[in-house]
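# Residue-level structural notes
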Amino acid sequence: MKVTFEELDRFLQEQFPQGAAYGSLRKLGDGWAEMSLDVDDGHLRPGGTVSGPVMMGLADVTLYAALLSRIGLVPLAVTTNLNINFLRKPAAHTPIWARATMLKVGRTMGVGEVFVYSEGGDEPVAHSTMTYSIPPKKHEN
């Protein structure tokens, strides 16, 4: 692992403070991460369920954390593709959490998947696959 839980958590707070709106880091390993989000009224859509953009945001920032566990603190790694399937209705006013796993990390791209769950539920509420672009390393002269 290229970064510790504490280093990544501090990095996210300092360099990506808007990411806190999408979740907080709760576990980190080599090529995987878990994040959670306390759901409130601002996260709900009509019909009393967690909105799709909220689940996409949680999935995206969770995969970003999983990728950084492998490549280190690279702020300019960016999402280039995100596909998400909403599988079932998440419980309203119940925290959601996500587990991201990197499937492949190369020199210029990382590919991973994310499962999103309602706290206390056994079945995922969403599944996402994503590709991240990794910026080239700067060579020192």
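The structure reproduced in this document is the subject of the present report. These numbers come from a predicted model, not from an experiment.

## Digging into the overall build of the protein chain
What the protein chain contains, in helices and strands, is 2 helices and 8 strands. Along the protein chain, from the amino end to the carboxyl end, the secondary structure elements read α-β-β-β-β-α-β-β-β-β. The C-alpha atoms of the protein chain give 15 Å as radius of gyration, which agrees with the globular expectation for 141 residues (14 Å, within 12%). The principal-axis extents of the C-alpha atoms in the protein chain amount to approximately 60 × 25 × 25 Å. Here the protein chain displays about 7,800 Å² of accessible surface, and carbon together with sulfur accounts for 51% of that area. For the protein chain, the distance from the average position of its 13 positive side-chain charges to the average position of its 15 negative side-chain charges is 8 Å.

## Quick notes on the pairing of strand β6 (residues 96-105)
Pairing analysis gives 6 bridges linking strand β2 (residues 32-37) to β6, with the strands arranged antiparallel. For Leu 37, the partnering residue across the bridge sits in β6 and is Ile 96. What sits between the antiparallel neighbours β6 and strand β7 (residues 109-118) is a turn of 3 residues.

What counts and how
- Residues numbered from 1 in each chain as written.
- Predicted model: local features only at pLDDT ≥ 70, side-chain atom pairs only at ≥ 80, totals over all residues.
- Heavy atoms only, no water.
- Helix = DSSP H or I, 4+ residues; strand = E, 2+ residues; numbered from the N terminus.
- Rg over C-alpha atoms; globule rule 2.2 N^0.38 Å.
- Areas by Shrake-Rupley, 256 points an atom, 1.4 Å probe, with all protein chains shown as cover.
- Lys, Arg positive; Asp, Glu negative; His and termini not counted.
- Charge placed at Lys NZ, Arg CZ, Asp CG, Glu CD.
- Pairing = 2+ DSSP bridges.

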